[in-house]
Amino acid sequence: MTIQKYVRQNIRDLKPYSSARDEFDGRAEIYLDANENPFESGLNRYPDPLQKELKSGIAELKSIKPQNIFLGNGSDEAIDLLIRIFCEPGRDEIVVLPPTYGMYSVCAAISNVSVREVPLKKDFQPDADAILEASSPASKILFLCSPNNPTGNHFKRQSLLKLIAEFDGIVVVDEAYIDFSEKESCLNWIDKYPNLVVLQTFSKAWGLAGIRLGMAFASEEIIRHLNKVKPPYNVNVLSQNAALSALNKIEDFQKEVAEIIQQRESLKETLMTFDFVQGVFPSSANFLLTKVLEPKPLFQFLIEKNIIVRNRSKVLLCENCLRISVGTAIENQQLLEALKLFTISKL
Ligand SMILES: *Cc1c(COP(=O)(O)O)cnc(C)c1O
């Protein structure tokens, strides 16, 4: 199978911009090819457009080939580029499964690409048959978010596999929260399924939301298209350096992730003891979707206590729910102390 047939004609025909750093790719002593300021500061040169050193670090960590990696200015950039590569404005559409991450629909709308919504089932699992049924030849990309934001759950392996195998188009599995999950990534499936894109990010478990660095893993064919359409220097020098140092301190990453997971479980347990908490959904991510009796007053009350959570109570299937990110032990304790006052004020 080739994904060529899903690619827009103008993208197939595109001759990409060729930067100075693309045209000479070796090492030299004197660079007079890019109109840079010659006074060395560590930042006076353009970044490596293909981020080779960083990709080789990520490739080693994930046991994959650098040719299967695309790096972007956040995974949001990858989402936008994928829509621009595969969806003809005014004609094609994407398929999303609400409630889910909002950027898929926003990026589609910006590109004048319509959005077909196939809601999750009550248990927050995808309805594979309904999704395949609702899809048409115009449905070029299916976005699956697992673990899903804002519900926090993992989609069943067999549904993911069925959709990747049977959806006639590109399937994006957004794994922004995979490092908090006990379940395995879909990453090893990219060799078998040329239509699969797996998204991960440095924004959550890696603690580097500020550097804007997202990863897309896919067949070499898809990666080539992403590289063709991306802005030439889309990942800046500071971000590449920060990510490289994080990769060299993998123990810190593992320790923080373990701590957040442990905090998630103890926070969940205590949240469930409040009489105004109707339930906390199981989470494979670093947040807890929490169903409460009066979401709006509680949300306002927490703001008064200087604690901001996300009110998701108007979102499909998330009626009366707040989404609470897991903080440090001290922050979570402060949240719980504040919630105790809310109980008291209500009684
Ligand atoms: C936070 C999040 C991302 C991360 O996006 P970045 O642009 O990499 O910061 C992607 N997908 C989902 C579902 C998220 O919740």
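The structure under discussion appears in the preceding block.
The present account deals with the structure reproduced in this document. (Residues numbered from 1 in each chain as written. Predicted model: local features only at pLDDT ≥ 70, side-chain atom pairs only at ≥ 80, totals over all residues. Heavy atoms only, no water.)

**Notes on the site of the ligand**
Part 1 of the argument: The full set close to the ligand counts 14 residues, and Ser 75, Tyr 177, Thr 201, Ser 203 and Lys 204 are the nearest of them.
Part 2 of the argument: Within the backbone of Asp 76, a nitrogen or oxygen atom sits 3.1 Å from an oxygen atom of the ligand.
Part 3 of the argument: Contacts to the ligand include Tyr 177, whose side-chain N or O atom sits 2.6 Å from an oxygen atom.
Part 4 of the argument: Protein coverage of the free-state accessible area of the ligand, which is 390 Å², stands at 94%. (Near = heavy atom within 4 Å. Polar contact = N/O pair within 3.5 Å; in protein donor to acceptor, adjacent residues only side chain to side chain. Areas by Shrake-Rupley, 256 points an atom, 1.4 Å probe, with all protein chains shown as cover.)

**Re the sheet that holds strand 11 (residues 321–325)**
Part 1 of the argument: Strand order in this open sheet of 4 strands is 8-9-11-10, and the pairing throughout is antiparallel. The open sheet is flanked by strand 8 (277–280) and strand 10 (310–311), the only strands paired with a single partner.
Part 2 of the argument: When strand 9 (residues 287–292) meets strand 11, the two strands line up antiparallel, connected through 5 bridges. What sits directly across from Thr 290, in strand 11, is Leu 322.
Part 3 of the argument: Helix 10 (residues 250–271) contacts strand 8, strand 9 and strand 11 of the sheet and is inclined by roughly 5° relative to strand 9. (Pairing = 2+ DSSP bridges. Helix = DSSP H or I, 4+ residues; strand = E, 2+ residues; numbered from the N terminus. Contact = heavy atoms within 4.5 Å. Axes fitted to C-alpha atoms, helices over the stretch in contact; angles between N-to-C directions.)

**Observations concerning the packing of helix 3 (residues 52–62) against helix 9 (residues 237–247)**
Each packed pair of helices is defined by two parameters, the angle between the axes and the distance between the axes.
Part 1 of the argument: Axis separation between helix 3 and helix 9 bottoms out at 10 Å; the angle between their running directions is 30°. What the angle tells us is that helix 3 and helix 9 run roughly parallel. In this structure, helix 3 crosses over helix 9, and the sense of that crossing is left-handed. Contact residues: Glu 53, Leu 54, Gly 57, Ile 58 and Leu 61 in helix 3; Gln 240, Ala 243, Leu 244 and Leu 247 in helix 9.
Part 2 of the argument: Grouping the constituent residues of the contact of helix 3 with helix 9 by class yields 6 nonpolar, 2 polar and 1 charged. (Parallel < 35°, antiparallel > 145°, perpendicular 65-115°, else oblique. Left-handed = near helix turned anticlockwise from the far one by under 90°. Nonpolar A, V, L, I, M, F, W, Y, C, P; charged D, E, K, R; others polar.)

**Notes on the layout of surface pockets**
Part 1 of the argument: Empty space within the largest pocket amounts to approximately 760 Å³.
Part 2 of the argument: Along its surface, the largest pocket is lined by 25 residues, and Arg 21, Arg 27, Tyr 46, Pro 47 and Asp 48 are the ones closest to its centre.
Part 3 of the argument: Elements with a contribution of two residues or more to the lining of the largest pocket: helix 3 and helix 9.
Part 4 of the argument: Residue contributions to the lining of the largest pocket peak at 4 residues, all from helix 9. (1 Å grid on protein atoms, 1.4 Å probe; cavity = no way out; pocket = protein on both sides within 12 Å on 5 of 7 lines; lining within 4 Å. Points joined across faces, edges and corners; volume = space filled by probe spheres on them.)

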